[in-house]
Amino acid sequence: MSQHDSGTVPGQPLVMGFAGLGTMGEAMALRLAEAGVRLVVWNRTRERCAPLQAAGAESGAATPVLVEGVDPRITLYLAPRSRG
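These numbers were taken from a predicted model, which means no experiment stands behind them. (Residues numbered from 1 in each chain as written. Predicted model: local features only at pLDDT ≥ 70, side-chain atom pairs only at ≥ 80, totals over all residues. Heavy atoms only, no water.)

Asker: Which residues make up the environment of Ala33, and what values do they have?
Answerer: Structurally, Ala33 is set in helix H1 (residues 23–34). By relative accessible area, which is 14% here, Ala33 ends up buried. Sequence separation of Ala33 and Met16 is 17 residues, and the distance between their C-alpha atoms is 9.9 Å. What Ala33 contacts, discounting residues up to four positions off in sequence, is Leu39 and Ala55. (Helix = DSSP H or I, 4+ residues; strand = E, 2+ residues; numbered from the N terminus. Buried < 20%, exposed > 50% of the residue type's maximum accessible area, 1.4 Å probe, protein only. Contact = heavy atoms within 4.5 Å.)

Asker: Please set out the side chain of Asn43 residue by residue, giving values where relevant.
Answerer: Summarising the element assignment, Asn43 is placed in the loop between strand E2 (38–42) and helix H2 (50–54). The buried category is assigned to Asn43, whose relative accessible area is 11%. Only 2.7 Å separates the side chain of Asn43 from the backbone nitrogen of Leu21, close enough to count as a polar contact. A distance of 3.1 Å separates a polar side-chain atom of Asn43 from the backbone oxygen of Thr45. Those residues in contact with Asn43, other than ones at most four positions away along the chain, are Gly20, Leu21, Gly22, Arg48 and Cys49. (Polar contact = N/O pair within 3.5 Å; in protein donor to acceptor, adjacent residues only side chain to side chain.)

Asker: Residue-level account of the pairing of E2, with values.
Answerer: Within E2, four of the five residues are buried, which leaves the element mostly enclosed by the surrounding structure. Bridge analysis of strand E1 (residues 15–19) against E2 gives five bridges, and the strand direction is parallel. Directly across from Ala19, in E2, lies its bridge partner Trp42. Each parallel crossover has a hand, and the one from E1 via H1 to E2 is right-handed. (Pairing = 2+ DSSP bridges. Right-handed = clockwise from strand over helix to strand, strands pointing away.)

Asker: Could you give an account of H1, naming the residues involved and the relevant values?
Answerer: If you check H1, its first and last C-alpha atoms are 17 Å apart, about what twelve residues at 1.5 Å a residue would give, namely 16 Å. Taken as a whole, H1 has its buried residues at Gly25, Glu26, Ala29 and Ala33. The buried residues of H1 occupy one face: seen down the axis, they fall within an arc of 95 degrees. Across H1 from its buried face, at more than 90 degrees, point the exposed residues Thr23, Met24, Arg31 and Glu34. At its buried positions, H1 is contacted by E1, E2 and H2. Note on H1: the residue one or two positions beyond its end, Gly36, has a positive phi of about 95 degrees. (Expected span 1.5 Å × (residues − 1). Arc of directions from axis to C-beta.)

Shown next as structure tokens:
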């Protein structure tokens, strides 16, 4: 088993969902990707996903994709218009 195995499904790799790739979110998600964590990322502005995809993350086309099949989820939203 790798260091990133999920506790919820023994032997299965941890897949983390990450929404909100602004300044702080992008930096956090890149650190996770660099550490070898499998990520599914989403951002309201889709081009913000490109650096994470280049680092090996999968881009969720919509928020339902982000929450299905991932274990922990991290969401970072700044402005009220970003929520929804």
